[in-house]
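Read off the chains here:
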Amino acid sequence: MTLFDFIQMFAKMAVVVGLALSSVPFLVWFERRGSAWMQGRVGPNRVGPFGLLQSVADVLKLFLKESFIPGHVNKFFYLLAPAIALAAPLGALMVIPFGSHAMVMGQKVVLQIAQIDSGLIFLLAFAGLEVYPVILGGWASHNKYTVLGALRGSSQMVSYEIAMGMSILSMLVIYGTFNLQEMVAWQGDSWLGFIPTWGAFINPIGALIFFISIFAETNRLPFDLPEGDAEIVGGYHTEYGAMKFGMFFLAEYVAMVMASALISTLYFGGFNLLPGFGLLVSWVGGYTDGSPDALQNVKAAFEFVSILLKVGFFLFVFVWVRWTLPRFRFDQLMDLGWKVLFPLSFVNLLVVIFMSYFFVS
Amino acid sequence: MDNLNLAFLFLGGVAAFLSIAMLLAKNPIAAALSLLGIMLCTAGLYGMMQEHFIAAIQLVVYAGAVMVLFIFSIMLLNLKKEERDFKFTTPSFMATYTAGIVIFIGIIFQLLVHYDLFKSTMIPGPFNTAEVANLGGNTKVLAHALFSQYYLSFEVISLALLVAIIGAVVLAKRKFD
């Protein structure tokens, strides 16, 4: 590994991890202001302009609080759980491609941290690890509420993983590859010159099932059953305080970022330029020296902006849904997962297989 | 020593440590989590060998599914009694450990006698890294091998799994009837 490889790898990691983590305070602020806006309240507006620094103040508070460990917990696993919670979604982010490639000093830099042939399975593997912090945190806390919350959370995540896996499988049949770069390239065409061939237009039911499942996977409303103030207090993280709670909190938002990046890569064209961005690229490209490298860099920059906008849109939808839909009851959640989404995704998979068999070959 | 050997020593060492921890753990959840750690180390080793597909499958199947099931059942069954009564000094434990140590020493001895591990060069098979990349990545190569050359054994294994599933259902049903 040359020095250049090392530096570019490190820079890509810094950008992805930095963006994912630093978007969290803004997201929290947006969630609180958005909820206030939807409910006709004011929301936090005192700290900084429009209350933007409120989350900074909150994080500061979490950092400076005493790191208290209750006496009845299993210490090692109690401390391990929040670490896994944050590591799993960050690990999953490393296979998301955020641009085709840039040219730096005449060398090609692929804008994806780990260029893995079977990137999608890798992503699912890390997403699958997200169930451990819930189980571990709940169990290690030695508290009835936390164990109940952990049981709820883990059974919910395991159930919805099936529907999610089925809808991803239907996309794999269409794309014919596990490689996320190739999937994005597949979605680069357009019909009639203006409708992009995004996965969501080809397989709308799969996209819908996937969209519903990620709410359950990230424990977001309307599926935030692992927590319930009236029933099981804080759920699996009842016994956590200070920055250990902060890490669970951070992990939830990083998981949201990861899920948004995943749905935009799989179903909404990934880093492909948004419609209309082609004009912008050629306009900005006119101000460069016109060499192919410079043009490619401009294109890569707009591709990065495209996927950022898509991820931002889905993060907005997460907040939007949270403050629009009421939460489900646990049995309703399980019914939806096993009796509606699972059969539907299975039928959808069969339909997609037949369609692609008869139309593609 | 290249990266692969370093990674092997590190991940293998952690896996060996966790295996011992798994055997000696009093707490069933700690044992299950040690096993999870071993699975993760194995996946890391596969990853270092550029076998990303196998590494990912290892994570999905063992870490993401099997171990979740293990931990779930351990949490649901109340194993307090087993945890309290766990002793290393029962005769069956002694016999198991002795047998395990003897077999382990035997394997190590045979390996050291027949292969000069750290000096001998490995003879590469037909699928080296360049060849696999040439054929379209190891996922594709594996899929081709699995669904053409080893098709029959693949199907027979899936049949065996089906039998196991039906058996589990029958056993569970008999108990509840």
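Structure shown above.
Starting afresh in each chain, residues are numbered from 1 along the sequence in its written order. Whichever chain is written first is A, and whichever ligand is written first is 1; the rest continue in order. Whole-chain, interface and lining totals are the exception, using all residues; otherwise, since this is a predicted model, local features are given only for residues with pLDDT of at least 70 and side-chain atom pairs are given and counted only at 80 or more. Side-chain figures throughout are based on the complete set of non-hydrogen atoms in the structure, without hydrogens or water.

1. Comments concerning the overall build of chain A
Working step 1: Think of it this way: any DSSP run of H or I at least four residues long counts as a helix, any run of E at least two long counts as a strand, and we number them from the N terminus. Counting its regular elements, chain A contains 13 helices and four strands.
Working step 2: The globule rule used for comparison is 2.2 Å times the number of residues to the exponent 0.38, while the radius of gyration itself is calculated over C-alpha atoms. For a compact globule of 361 residues, the expected C-alpha radius of gyration is about 21 Å, and chain A comes in at 22 Å, within 12% of that figure.
Working step 3: Viewed in the frame of its principal axes, chain A has a C-alpha envelope of about 65 × 50 × 50 Å.
Working step 4: Across the 361 residues in chain A, those meeting the buried criterion constitute 52%.
Working step 5: For this analysis, residues touch if any pair of their heavy atoms sits within 4.5 Å. Taking the contacts inside chain A whose residues are at least 6 apart along the sequence as the reference set, 78% of them involve residues at least 24 apart.
Working step 6: Using a 1.4 Å probe, accessible areas were evaluated by the Shrake-Rupley method; residue-level cover was limited to the displayed protein chains. Accessible area for chain A stands at about 16,700 Å²; split by element, carbon and sulfur atoms hold 73% of it. Under the scheme applied here, a residue whose accessible area is under 20% of the maximum for its type counts as buried, over 50% as exposed, and between as partly exposed, the area being computed with a 1.4 Å probe on protein chains only.

2. A short note on the packing of helix 6 (residues 144–175) of chain A against helix 9 (residues 204–217) of chain A
Residues and elements named next belong to chain A.
Working step 1: Helix axes use the C-alpha atoms of the stretch in contact, all axes being lines fitted to C-alpha atoms, and the angles between their N-to-C directions lie in the range 0 to 180 degrees. Contact geometry for helix 6 and helix 9: axes closest at 9 Å, N-to-C directions at 155°. The orientation of helix 6 relative to helix 9 falls into the category roughly antiparallel. Every pair of crossing elements has a handedness; the one defined by helix 6 and helix 9 is left-handed. Within the contact between the two elements, helix 6 uses Gln156, Met157, Tyr160, Glu161, Ala163, Met164, Ser167 and Ile168 and helix 9 uses Gly206, Ile209, Phe210, Ser213, Ile214, Ala216 and Glu217. We call two directions roughly parallel when the angle between them is under 35 degrees, roughly antiparallel when it is over 145, roughly perpendicular when it lies between 65 and 115, and oblique otherwise. By the definition used in this description, the sense in which the near helix is turned from the far one sets the handedness, with an anticlockwise turn below a right angle giving left-handed and a clockwise turn giving right-handed.

3. Focus on the interface of chain A and chain B
Often the size quoted for an interface is simply the accessible area lost on bringing the parts together.
Working step 1: Facing 22 residues of chain A, the contacting portion of chain B comprises 23 residues.
Working step 2: Interface of chain A and chain B: buried area, both sides summed, is about 1,900 Å²; carbon and sulfur atoms make up 81% of it.
Working step 3: Once two parts are joined, some of their accessible surface, as seen by a 1.4 Å probe, is lost; buried area is that loss totalled over both. Among the residues of chain A in contact with chain B, Asp117, Tyr132 and Trp139 of chain A are the three that bury the most area, contributing 29% of the side total.
Working step 4: One speaks of a salt bridge when a side-chain nitrogen belonging to Lys or Arg is within 4 Å of a carboxyl oxygen belonging to Asp or Glu. Across the contact surface, chain A and chain B share zero salt bridges.
Working step 5: We call two N or O atoms a polar contact when they sit within 3.5 Å, provided that within protein one can donate a hydrogen and the other can accept it, with sequence-adjacent residues counted only if both atoms are side-chain atoms. On the surface where chain A and chain B come into contact, there are three residue pairs in polar contact (both at pLDDT 80 or more).
Working step 6: At the level of elements, helix 4 (119–128), helix 5 (131–140) and helix 6 of chain A are the ones that each hand at least two residues to the side of chain A that touches chain B.

4. Notes on helix 10 (residues 242–267) of chain A
Working step 1: Here helix 10 of chain A contains 26 residues, and its C-alpha end-to-end distance of 38 Å stays within 8% of the 38 Å for a straight helix at 1.5 Å per residue.
Working step 2: Summarising burial for helix 10 of chain A: 22 of the 26 residues are buried, a large majority. A helix's residues, less one, multiplied by 1.5 Å, set its expected span.

5. Things to note about unusual backbone geometry
Residue and element names in this part refer to chain A.
Working step 1: Although it is not a glycine, His142 sits at a positive phi angle of roughly 50°.
Working step 2: Mapping His142 onto the fold places it in the loop between helix 5 and helix 6.
Working step 3: Positioned with a positive phi, Asn219 is a non-glycine residue whose angle comes to about 60°.
Working step 4: Here Asn219 is to be found in the loop between helix 9 and helix 10.
Working step 5: Take Asn219: its relative accessible area is 8%, and that puts it in the buried class.

6. Remarks on the side chain of Ser154 of chain A
Working step 1: Examined against the element boundaries, Ser154 of chain A turns out to sit in helix 6.
Working step 2: On the basis of relative accessibility, which here comes to 1%, the residue Ser154 of chain A falls in the buried class.
Working step 3: Among the polar contacts listed, one links the side chain of Ser154 of chain A to the backbone oxygen of Leu151 of chain A, at a separation of 3.3 Å.
Working step 4: Excluding anything up to four places from it in sequence, Ser154 of chain A contacts Val131, Val134 and Ile135 of chain A together with Phe72 of chain B.

7. Side note on the pattern of salt bridges
Residues and elements named next belong to chain A.
Working step 1: In the structure shown here, the tally under the stated rule is eight salt bridges over all chains.
Working step 2: A salt bridge links Arg329 to Asp331; the nearest nitrogen and oxygen atoms lie 2.9 Å apart.
Working step 3: On the accessibility criterion, Asp331 (38% relative accessible area) is partly exposed.
Working step 4: Between Asp335 and Lys339 there is a salt bridge, with its nearest N and O atoms 3.5 Å apart. Of this pair, Asp335 and Lys339 both sit in helix 13 (residues 330–360), four residues apart, roughly one helical turn.
Working step 5: Assessed through its relative accessible area of 34%, Asp335 is described here as partly exposed.
Working step 6: For Lys339, a relative accessible area of 61% gives the class exposed.

8. So, the side chain of Asn348 of chain A
Working step 1: Mapping Asn348 of chain A onto the fold places it in helix 13.
Working step 2: A polar side-chain atom of Asn348 of chain A sits 3.1 Å from a polar atom in the side chain of Asn203 of chain A.

9. Regarding the environment of Ala36 of chain A
Residue and element names in this part refer to chain A.
Working step 1: Within the secondary structure, Ala36 is located in helix 1 (residues 3–38).
Working step 2: Looking at Ala36, the relative accessible area reads 0%, which means it is buried.
Working step 3: Expressed as a C-alpha distance, the spacing of Ala36 and Trp323, which sit 287 residues apart in the sequence, is 9.3 Å.
Working step 4: Setting aside its immediate chain neighbours within four residues, Ala36 contacts Arg41, Val42 and Gly43.

10. A closer look at the packing of helix 1 of chain A against helix 2 (residues 54–64) of chain A
Residue and element names in this part refer to chain A.
Working step 1: At a closest axis distance of 8 Å, the pairing of helix 1 and helix 2 adopts a crossing angle of 120°. Read as a crossing pair, helix 1 and helix 2 show a hand that is right-handed. Counted together, Pro25, Val28, Trp29 and Arg32 of helix 1 and Gln54, Ser55 and Asp58 of helix 2 form the full contact between these two elements.
Working step 2: For this classification, Asp, Glu, Lys and Arg are treated as charged, while Ala, Val, Leu, Ile, Met, Phe, Trp, Tyr, Cys and Pro are nonpolar and the rest, including Gly, are polar. The residue inventory of the contact of helix 1 with helix 2, partitioned by class, reads three nonpolar, two polar and two charged.

11. Describing the nonpolar core
All names here are of chain A.
Working step 1: Grouped together as the largest cluster of nonpolar side chains are 109 residues, with contacts concentrated most on Phe210 and Leu266.
Working step 2: At 14 residues, helix 10 tops the list of elements feeding residues into this core.
Working step 3: Contacts of Phe210, omitting those with residues within four sequence positions, involve Met164, Ser167, Ile168, Leu262, Ile263, Leu266 and Tyr267. By nonpolar core we mean a set of buried residues, namely Ala, Val, Leu, Ile, Met, Phe, Trp, Tyr and Cys, connected to one another through side-chain atoms within 4.5 Å.

12. Some remarks on the packing of aromatic side chains
For any pair of aromatic rings, the description rests on two quantities: the centre-to-centre distance and the angle between the ring planes.
Residue and element names in this part refer to chain A.
Working step 1: Think of it this way: a Phe, Tyr or Trp ring, Trp meaning its six-membered ring, pairs with another when their centres are within 6.5 Å, and the plane angle makes it stacked under 30 degrees, edge-to-face over 60, tilted otherwise. Enumeration over the complete set of coordinates arrives at 27 aromatic pairs over all chains.
Working step 2: Ring centres of Phe249 and Tyr253 lie 5.3 Å apart, and the angle between their planes is 65°; this geometry places the pair in the edge-to-face category. With Phe249 and Tyr253 both in helix 10 and four residues apart, this pair spans about one turn of that helix.
Working step 3: Ring plane angle 10° and centroid distance 6.5 Å describe the contact between Phe354 and Phe358, whose orientation is recorded as stacked. A residue pair is termed a helical-turn pair when its members lie 3 or 4 positions apart in one helix, as Phe354 and Phe358 do in helix 13 at four residues.

13. Quick word on the pairing of strand 2 (residues 107–110) of chain A
Working step 1: When DSSP locates at least two bridges between a pair of strands, those strands are taken to pair. Taken together, the four bridges between strand 1 (residues 101–104) of chain A and strand 2 of chain A define a ladder with antiparallel strand orientation. Counted as the bridge partner of Ala102 of chain A is Val109 of chain A from strand 2 of chain A.

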